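# Structural overview
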Amino acid sequence: MPTSVELAAMRRAIIISASGLGATSPNPAVGCVILDDAGRTVGEGYHPRKGDPHAEVNALAAAGARAAGGTAVVTLEPCNHDGLTPACHQALLDAKIARVLIAVMDPTSRGAGGAARLRQAGVDVQTHVLEEEALVVLGPWRTSLSHQRPFLHLMIQTDPAGYPAALTAEAHAEIELERQAHDLLISLDGSAEEGQIGSHGSRFSVPAQLVPDEPADAVAALTEAGARSVLLVGPSKLGERLLCKALVDRLTLLVPVLEPAQAAATTLAPLLPDGYVLSRITRAGSQLVVSAERG
């Protein structure tokens, strides 16, 4: 069983993995912490973008010789194949790592996965360590793989009764913050730009044309761009149609805060469509930020 030190290291790895959000696609955002043979943290790293070293390699570089006999704590199963970068499971073996803790198994592994190859080499491997917590970061990437399309996140401004409304200044500010964790931002007019401008480098393309209003065409265009996570601004025709087709994976509503004794409108909107489960509610200035995931 993982020790309390190892669990703390995994949570640290999950937190630092989020540094890669909005820049790694089509790769996942991964974090790694290296503990020496006495359980002390001697290195950590994350994957910044496709083509750059993976989290394990960066963490091992920071640890140097202190990694020998130690433990690698990683949020995703180490890769088992050479691509633009060498296989991470081999890097761990070369560093003489004795134990590896993994949060989420990699559904893209080719043949025997990295965990299996590490075990074959005599490394002690534990899997599914704090998996649900790691999916806070890796969930959209895994959903994208499962659906074979980008994870779609729709943000909609509403009025106090819950009906779509024009974006407020506070809503624009919230969108500017949220876009940083996504590969693409789709504006109300259908134009697309990187969530973080220039973050992906040359291995990523942004749709040059307006994203179509038809869901199938829009999803095809976003998938072709290589995006794993897309933020769409609403209310828009495309957003409405994606909701009707049950293609929105996360829905965030920006709802003005009500007065304590505000009279109800004649007809109130249901706010969340059927099939969505509340996942986060917070207040930002004079609005509520309400997020829900598709069940």
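Reading the values: rules and limits
- Residues numbered from 1 in each chain as written.
- Predicted model: local features only at pLDDT ≥ 70, side-chain atom pairs only at ≥ 80, totals over all residues.
- Heavy atoms only, no water.
- UniProt positions renumbered as here; feature names shortened; annotations may be inferred.
- Salt bridge = Lys/Arg side-chain N within 4 Å of Asp/Glu carboxyl O.
- Helix = DSSP H or I, 4+ residues; strand = E, 2+ residues; numbered from the N terminus.
- Buried < 20%, exposed > 50% of the residue type's maximum accessible area, 1.4 Å probe, protein only.
- Core = buried A, V, L, I, M, F, W, Y, C linked by side-chain atoms within 4.5 Å.
- Pairing = 2+ DSSP bridges.

- Under an unreviewed UniProt entry, the name given to the protein chain is diaminohydroxyphosphoribosylaminopyrimidine deaminase, and the organism recorded is Streptomyces tremellae.
- Per its UniProt entry, the protein chain bears the Pathway (unreviewed entry) comment "Cofactor biosynthesis; riboflavin biosynthesis; 5-amino-6-(D-ribitylamino)uracil from GTP: step 2/4."

## Quick notes on the pattern of salt bridges
- Tallying each qualifying case throughout the model produces 12 salt bridges.
- The salt bridge involving arginine 99 is made with aspartate 124; its shortest N-O contact spans 2.6 Å. With arginine 99 in strand 4 (residues 99–104) and aspartate 124 in strand 5 (residues 124–126), this pair connects stretches of sequence that are 25 residues apart.
- Using a relative accessible area of 36% as the deciding quantity, one classes aspartate 124 as partly exposed.
- We note a salt bridge from glutamate 293 to arginine 250, for which the minimum N-O separation is 2.6 Å. Of the two residues, glutamate 293 sits in strand 12 (residues 287–294) while arginine 250 sits in strand 10 (residues 250–256), which places them 43 residues apart along the sequence.
- Of the residues examined, glutamate 293 reaches a relative accessible area of 23% and is grouped as partly exposed.
- The network of salt bridges with shared partners includes Glu6, Arg99 and Asp124.

## A closer look at the nonpolar core
- Core analysis: the biggest nonpolar cluster contains 39 residues, and Met10, Ile34, Ile97 and Val100 have the highest contact counts within it.
- Breaking this core down by element, the ones donating at least two residues are helix 1 (4–17), strand 1 (31–35), helix 2 (55–63), strand 3 (71–76), strand 4, helix 4 (114–120) and helix 5 (131–147).
- Leu154, Leu184, Ala192 and Leu232 belong to the second-largest nonpolar core, a separate cluster that totals 25 residues.

## Concerning the pairing of strand 2 (residues 41–46)
- In this sheet, strand 2 lies alongside strand 1 in antiparallel orientation, the contact comprising 5 bridges. For isoleucine 34, the partnering residue across the bridge sits in strand 2 and is glycine 43.
- Taken together, strand 1 and the strand that follows it, strand 2, pair antiparallel across an intervening segment of 5 residues, in which glycine 39 is found at a positive phi of about 85 degrees.

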